[in-house]
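Architecture at a glance
Residue-level listing of the chains:
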Amino acid sequence: MDEMRGDRMRCDEIIQLLEKKAPIEYAMDWDHVGLLVGRRDKEVHKLMLVVDVTEEIVDAAVAQNVDMIVSHHPMIFGKVDRVNDETVLGRKILKLIEHGIACYAMHTNFDTIGGMAKEAAAMLGLQNMEVLEETKDGEGIGEVGYLPAATTVTALVVLIKEKFDLKNVILYGNPNDTVEKIAICPGSGKSVINEAVQKKADCLITGDIGHHEGLDANEMGLTILDASHYGLEHIFMHIMYEYLKGYCMDVEIGIADVGVPFSIL
């Protein structure tokens, strides 16, 4: 956990700031966002920003006396019919409650209106952007725009690695192809391949692309660059740090950047 600051506020006051940035009504119907664990009247001295609430993250939060975790991915996603120490989720919920740690998730509402795709597109210098898949009020998932000049797929990969601090990018397509119109969807982008094709994008930058999706996209004339789910979405923590530091002057805000959770051997 790094980039620490210093203010104390109540959890509900911080929630107001979070929901100003990414109103929960912009979340998809299937999503679980908002305060998932904890009390709204909890006084917050330390706040941790994460992408995923793993057991390692919960243990670190306990060790560092964190009062509130703000995550991108919801810790609780499906049905919970019991909370005990026999499951990973149960252990995490128990430990958070036992140590009085609140846990809040900003997921598809942040993807839609919080700035995820827009920031990712800006990092690559994309211009003349439009929403990839509209979901509500002209906002939506992903962005489509143009590079300042046409370039090769290989050169684009170099740019992605540099801007997102990545070691690897998986390519479905020809590294020598020229691309200019780019779609970007941080996270899992299987569901927006058709939208990228319809928007006449040359390339889709995203994560979680499987064998068949990659082949199908290529046959539709779309190059795929899989930069991994975490590889693009870790910018959530930095976006939210910059946002919150201006309001939470005496709250210690930390970024728990654990890195891409897999290795290519």
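Residues numbered from 1 in each chain as written. Predicted model: local features only at pLDDT ≥ 70, side-chain atom pairs only at ≥ 80, totals over all residues. Heavy atoms only, no water.

1. Some remarks on the side chain of histidine 73
Keep this limit in mind: Helix and strand assignments come from DSSP, with helices taken as H or I runs of at least 4 residues and strands as E runs of at least 2, each series counted from the N terminus. Two N or O atoms form a polar contact when they lie within 3.5 Å of each other; inside protein one atom must be a possible hydrogen donor and the other a possible acceptor, and for residues adjacent in sequence the pair counts only when both atoms belong to side chains. Residue contacts follow a heavy-atom distance rule, with two residues in contact if any of their heavy atoms lie within 4.5 Å.
With respect to the helices and strands, histidine 73 occurs in the loop between strand E5 (68-71) and helix H3 (88-98). Here histidine 229 takes part through its side chain, which lies 3.0 Å from a polar atom of the side chain of histidine 73. What histidine 73 contacts, discounting residues up to four positions off in sequence, is Val51, Asp52, Ala105, His107, His229 and Glu233.

2. Examining the pattern of salt bridges
In plain terms, the rule: In what follows, salt bridge is the name for a side-chain nitrogen of Lys or Arg lying within 4 Å of a carboxyl oxygen of Asp or Glu. We call a residue buried when its accessible area falls under 20% of the maximum for its residue type, exposed when it is over 50%, and partly exposed in between, using a 1.4 Å probe and counting protein chains only.
Under the defined criterion, the tally for this structure stands at ten salt bridges. The residue aspartate 59 makes a salt bridge to lysine 95 at a minimum N-O spacing of 2.7 Å. Here lysine 95 lies in helix H3 and aspartate 59 lies in helix H2 (residues 55-63), a separation of 36 residues in the sequence. In this structure, aspartate 81 engages arginine 82 in a salt bridge whose closest nitrogen and oxygen atoms are separated by 3.5 Å. There is no split in this pair, since aspartate 81 and arginine 82 are both exposed. One continuous salt-bridge network, built from bridges that share partners, spans Lys118, Glu139 and Glu143.

3. Points about the layout of surface pockets
Test applied: In this analysis, the protein atoms alone were mapped onto a 1 Å grid. Cavities are point sets where a 1.4 Å probe fits without being able to get out; pockets are open sets with protein on both sides within 12 Å along at least five of seven lines; lining residues have an atom within 4 Å of a point. Grid points are joined across faces, edges and corners, and a volume is the space filled by probe spheres set on the points. All residues other than Ala, Val, Leu, Ile, Met, Phe, Trp, Tyr, Cys, Pro, Asp, Glu, Lys and Arg, Gly among them, are scored as polar; the first ten of these are nonpolar and the last four charged.
Space inside the largest pocket adds up to approximately 330 Å³. Grouping the amino acids of the lining of the largest pocket by side-chain chemistry returns seven nonpolar, five polar and four charged. In this model, the second largest pocket occupies a volume close to 270 Å³. Along its surface, the second largest pocket is lined by 18 residues, and Trp30, Thr108, Asp111, Ile141 and Ser188 are the ones closest to its centre. With four residues, the single largest contributor to the lining of the second largest pocket is strand E10 (residues 178-188). Split into classes, the residues belonging to the lining of the second largest pocket amount to eight nonpolar, seven polar and three charged.

4. Details of helix H5 (residues 116-123)
Put simply, the test is: Throughout, the arc means that of the directions going from the helix axis to the C-beta atoms.
Inspection of H5 places Met116, Ala117, Ala120 and Ala121 among the buried residues, and these make up the whole buried set. Angular distribution of buried residues about the axis of H5 spans 125°; they occupy a single face of the element. Phi turns positive one or two residues past the end of H5, at glycine 125, with a value near 75°.

5. Some points on the packing of aromatic side chains
Under the convention used in this document: Stacked, edge-to-face and tilted are the three classes for Phe, Tyr and Trp ring pairs, Trp counted by its six-membered ring, which pair at centre distances within 6.5 Å; planes under 30 degrees apart are stacked, over 60 edge-to-face, the rest tilted.
Within this structure, the stated rule accounts for three aromatic pairs. Measuring from centroid to centroid gives 6.0 Å for tryptophan 30 and phenylalanine 77, while their planes differ by 40°, and the two rings are tilted. Taken together, the positions of tryptophan 30 in the loop between helix H1 (11-21) and strand E2 (34-37) and phenylalanine 77 in the loop between E5 and H3 put the pair 47 residues apart, joining distant regions of the chain. On the basis of relative accessible area, tryptophan 30 is assigned to the partly exposed category, the value being 49%. Measuring from centroid to centroid gives 5.3 Å for tyrosine 243 and tyrosine 247, while their planes differ by 55°, and the two rings are tilted.

6. With respect to the nonpolar core
Put simply, the rule is: Joining through side-chain atoms within 4.5 Å is the link that ties buried Ala, Val, Leu, Ile, Met, Phe, Trp, Tyr and Cys residues into a set, and such a set is a nonpolar core.
By size, the foremost hydrophobic cluster in this structure holds 51 residues, and its most contacted members are Leu47, Leu49, Met68, Ile160, Ile205 and Leu244. Take this core: its biggest share by element is eight residues, from helix H10 (residues 235-244). Beyond its immediate sequence surroundings of up to four residues, methionine 68 is in contact with Cys11, Ile14, Ile15, Leu18, Val44, Lys46, Leu47, Met48, Ile101, Ala102 and Tyr104. The next biggest cluster of nonpolar side chains, apart from the first, holds 16 residues, and it includes Val37, Met48, Val58 and Leu96.

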